[in-house]
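# Observations on chain architecture
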Amino acid sequence: ETVASLGIETEELSTRESDYYQVDGGVRITGIRNGKVYQQTRIREGFVITGIDDKKVTNYNDLAKILNDKKGKNVIIEGFYPSYPNKIYNYGLSL
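Residues numbered from 1 in each chain as written. Predicted model: local features only at pLDDT ≥ 70, side-chain atom pairs only at ≥ 80, totals over all residues. Heavy atoms only, no water.

What follows covers the overall build of the protein. Scanning the protein from terminus to terminus reveals 4 helices and 6 strands. Order of helices (α) and strands (β) in the protein, N terminus to C terminus: α-β-α-β-α-β-β-α-β-β. Over its C-alpha trace the protein gives a radius of gyration of 12 Å, about what one expects of a compact globule, namely 12 Å for 95 residues. Counting only C-alpha atoms and orienting by the principal axes, one finds that the protein spans roughly 35 × 20 × 20 Å. Out of the 95 residues in the protein, the part that is buried amounts to 42%. Within the protein, residue pairs in contact and separated by at least 24 positions form 51% of the contacts whose partners lie at least 6 positions apart. Of the roughly 5,600 Å² that the protein leaves accessible, carbon and sulfur atoms contribute 42%. Across the protein, the 13 positively charged side chains and the 13 negatively charged ones have centroids separated by 6 Å. (Helix = DSSP H or I, 4+ residues; strand = E, 2+ residues; numbered from the N terminus. Rg over C-alpha atoms; globule rule 2.2 N^0.38 Å. Buried < 20%, exposed > 50% of the residue type's maximum accessible area, 1.4 Å probe, protein only. Contact = heavy atoms within 4.5 Å. Areas by Shrake-Rupley, 256 points an atom, 1.4 Å probe, with all protein chains shown as cover. Lys, Arg positive; Asp, Glu negative; His and termini not counted. Charge placed at Lys NZ, Arg CZ, Asp CG, Glu CD.)

Next up, the structure:
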């Protein structure tokens, strides 16, 4: 699975967190192992993925579906860090 190749552990944002950060949802990275995220980006633990290539990521199923559809391509991962919720970060990644 494409998500496994990223080398990340994730959890979905709770409804309360989504309301607090004023987002429709997202997937938080809770752990980073050796994989594409570690090798290709400067993403750190805690980063919340809210989109990939302008497609909304509100939960794990969104994340998996978009990544599987984009397998073998370059993508832009969009999201934020909870300590800087108003700053949107974009990271390029080759799947």
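Next comes the rest of the write-up.
With that settled, the discussion passes to the packing of aromatic side chains. To describe a pair of aromatic rings, one takes the distance between the centres and the angle between the planes. Taken as a whole and judged by the stated rule, the model has 6 aromatic pairs. Seen in terms of ring centroids, Tyr 81 and Tyr 89 are 5.0 Å apart; in terms of plane orientation they differ by 85°. Their pairing is edge-to-face. One exposure class covers both Tyr 81 and Tyr 89, and it is buried. Between the aromatic rings of Tyr 89 and Tyr 91, the centroid separation amounts to 6.4 Å while the plane-to-plane angle is 10°, which identifies the pairing as stacked. Comparing Tyr 89 with Tyr 91 shows no difference in burial state: the two are buried. By the ring-pair criterion, three or more aromatic residues cluster together here, those being Phe 47, Tyr 81, Tyr 89 and Tyr 91. Here the basic side chain of Arg 44 rests over the ring of Tyr 81, its NZ or CZ set 4.4 Å away from the ring centre. One residue, Lys 87, lies across the ring of Tyr 89, its end atom 4.9 Å from the ring centre. (Phe/Tyr/Trp six-rings, centres within 6.5 Å; stacked < 30°, edge-to-face > 60°. Lys NZ or Arg CZ within 6 Å of the ring centre and 35° of its normal.)

This part takes up the side chain of Thr 41. Along the chain, Thr 41 falls in the loop between helix 3 (36-40) and strand 3 (48-52). Residue class for Thr 41 comes out buried when judged on its relative accessible area of 12%. Looking at Thr 41, its side chain comes within polar contact range of the main-chain oxygen of Val 37, at 2.7 Å. (Polar contact = N/O pair within 3.5 Å; in protein donor to acceptor, adjacent residues only side chain to side chain.)

Here we come to the nonpolar core. Among the nonpolar cores identified, the biggest contains 22 residues, and Phe 47, Ile 49 and Ile 52 are the most heavily contacted of them. If you list the elements that add at least two residues to this core, you get helix 1 (2-6), strand 2 (27-32), strand 3, helix 4 (60-69), strand 5 (74-81) and strand 6 (84-94). The element that contributes the greatest number of residues to this core is helix 4, accounting for 4 residues. With near-sequence residues (within four places) excluded, Phe 47 lies in contact with Val 27, Arg 28, Ile 29, Ile 77, Glu 78, Gly 79, Phe 80, Tyr 81, Tyr 89 and Tyr 91. (Core = buried A, V, L, I, M, F, W, Y, C linked by side-chain atoms within 4.5 Å.)

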